[in-house]
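# Fold and contact review
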Amino acid sequence: MKAVAVVGGSLAGLSAARALRNQGFDGRVSVISQEVHRPYDRPPLSKSFLAGAATESELALEAEEEDLDLDWRFGRYATALSPSQRSVELSDGTSVISDGIVIATGARPRTLGAASLQGVHVLRTLEDALGLKRELVPGTRLVMVGAGFIGAEVASTARGLGVEVTMISAAATPLIGPLGQQLGGIVSALHAEHGVRLIGGVEVTGLAGSERVTGVSLADGRMIEADVVLVAIGVRPNTEWLATSGLDAASGVLCNAYGATELPNVVAVGDCASWYDPVLAEHHRLEHWTGARERAAIAVSSLLSGGSEKRMGRPPYFWSDQYGLRIQLAGHLRAADSVVVEDGSADDGEFLAVYRRGDQPVAVLALGHGKSFMRWRRQLASQALSDPVSTL
């Protein structure tokens, strides 16, 4: 293998390029990035950067002295993959020929029908964050459509800026999806304590306004007045460019447990990749920072070894900072059939809960309790499955 094309220039793509060099690949590495910026960190966009506590330069993912000898293609995106020609077609009419391909094209936010109205935002890119940041001034009425972690983090940041926040969730309890009914309710209470208006169990039917948004319409007939709206209802994987490639990519690029796809010498990582998970016995996308970084090395090893890589990654890990409290989650909540608070108290709002399947720990969630959480996370990693898994 003399040349590798990395399609995507954010964290997963950069991590793959680093892994190629760290694993001894000295051939040409082309990185195709739709962004015009060099790689930057996305988690601060909803927190410290939005709050004005971090600058653009502090978001940089590359160290100043880092030189990976990469062929960067900024401001261009992939339009097609031709496996027989080993080529990636680009939006500027050029193509990149390579022996191996790393697909890391990420995902984009889902939108509502009237997303073109002024004052309606999504949050994914630096430009998105800059646009939202300009509008979050004290007294502004921000309505959050969606109550996942991105929405919750922005709500926390906005309250710190003196913004009035309403969070609307189709589920009865915000954050019930990632955390479950009981613990999602505890985090929801944290938001209520900080002045966030919570509206759950109702669908959003539309946005009001002519040129600028003025409100959010609900299925029960209510109109929630708004100066600014953030739509945070999940993402779609950027995989349309693979339509003629022969890959199964409708819900993310289908991969085995090591990032290999059905095509030889093609792997996928990051938010666009649907890896097989042996704990859940299914394919799913892992939309977390740590997964994008750590899985890149496994996928690259699979690519360079011709598919013989059998090293399992650590259990999924995610963190979120809200109201000065760190929320951390490791493992597979959906694999659990019970949950017990092991440290602290749910009534006090700082606790550590362990999720089990039978008597086997499969996940741990902590609000605060950082040291205890790290011990449990190490335990989960040590018991993680290590048997080869190649089911597609």
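Below is a short write-up of the structure. Note that this is a predicted model, so its numbers are computed, not measured. (Residues numbered from 1 in each chain as written. Predicted model: local features only at pLDDT ≥ 70, side-chain atom pairs only at ≥ 80, totals over all residues. Heavy atoms only, no water.)

### Details of the pairing of strand S26 (residues 360–367)
Burial within S26 is extensive, with 7 of its 8 residues counted as buried. Where strand S23 (residues 325–331) and S26 come together, 5 bridges link them in antiparallel fashion. Opposite Ile327, over in S26, you have Leu367 as the bridge partner. (Buried < 20%, exposed > 50% of the residue type's maximum accessible area, 1.4 Å probe, protein only. Helix = DSSP H or I, 4+ residues; strand = E, 2+ residues; numbered from the N terminus. Pairing = 2+ DSSP bridges.)

### A closer look at the sheet that holds strand S1 (residues 3–7)
Strand order in the open sheet formed by 5 strands is S3-S2-S1-S7-S19, and the pairing between neighbours is parallel. Across the chains shown, the open sheet's two edge strands, defined by having one partner strand only, are strand S3 (71–74) and strand S19 (266–268). Each strand of the sheet is rotated relative to its neighbour by a mean of 15°, with strand direction disregarded. Bridging between strand S2 (residues 28–33) and S3 involves 4 bridges; their strand directions are parallel. When the sheet's bridge partners are listed, Ile32 is paired in S3 with Arg73. With respect to the sheet, helix H7 (residues 289–304) is in contact with S1, strand S7 (100–103) and S19, its orientation differing from that of S19 by roughly 175°. (Axes fitted to C-alpha atoms, helices over the stretch in contact; angles between N-to-C directions. Contact = heavy atoms within 4.5 Å.)

### Concerning helix H6 (residues 181–193)
With 13 residues, H6 extends 18 Å from end C-alpha to end C-alpha; this agrees with the ideal 18 Å at 1.5 Å per step. All of the buried residues along H6 are Leu183, Gly184, Ile186, Val187, Ser188, Leu190 and His191. Of the residues trailing H6, Gly195 is marked for its positive phi of about 90°. (Expected span 1.5 Å × (residues − 1).)

### Comments concerning the pattern of salt bridges
What the rule picks out here adds up to 19 salt bridges. Arg141 serves as the salt-bridge partner of Glu225, at 2.7 Å between the closest nitrogen and oxygen. Remark: Arg141 occurs in strand S10 (residues 141–145) and Glu225 occurs in strand S15 (residues 223–225); sequence separation between them is 84 residues. What makes Glu225 exposed here is its relative accessible area of 53%. Each of Arg141, Glu225 and Asp227 takes part in one network of salt bridges that share partners. (Salt bridge = Lys/Arg side-chain N within 4 Å of Asp/Glu carboxyl O.)

### A word on the sheet that holds strand S6 (residues 95–97)
By way of backbone hydrogen bonds, the strands of a sheet pair with one another, either parallel or antiparallel. Strand order in this open sheet of 3 strands is S4-S5-S6, and the pairing throughout is antiparallel. The sheet is open, and its two borders are formed by strand S4 (78–82) and S6, each paired with just one other strand. Looking at each pair of strands side by side, their axes are set apart by 20° on average, direction ignored. Here 4 bridges tie S4 to strand S5 (residues 87–90), and the two strands are oriented antiparallel to one another. Within the sheet, the bridge partner assigned to Leu81 lies in S5 and is Val88.

### Focus on unusual backbone geometry
Peptide bonds are, in most cases, trans, and in most cases residues other than glycine have a negative phi. Phi at Arg86 is positive, roughly 55°, even though this residue is not glycine. Tracing the chain through its elements places Arg86 in the loop between S4 and S5. With a relative accessible area of 39%, Arg86 lands in the partly exposed category.

### Thoughts on the side chain of Thr239
Following the sequence through the fold, Thr239 ends up in the loop between strand S17 (235–237) and strand S18 (253–254). Separated by 2.8 Å, the side chain of Thr239 and the backbone oxygen of Ala249 make a polar contact. (Polar contact = N/O pair within 3.5 Å; in protein donor to acceptor, adjacent residues only side chain to side chain.)

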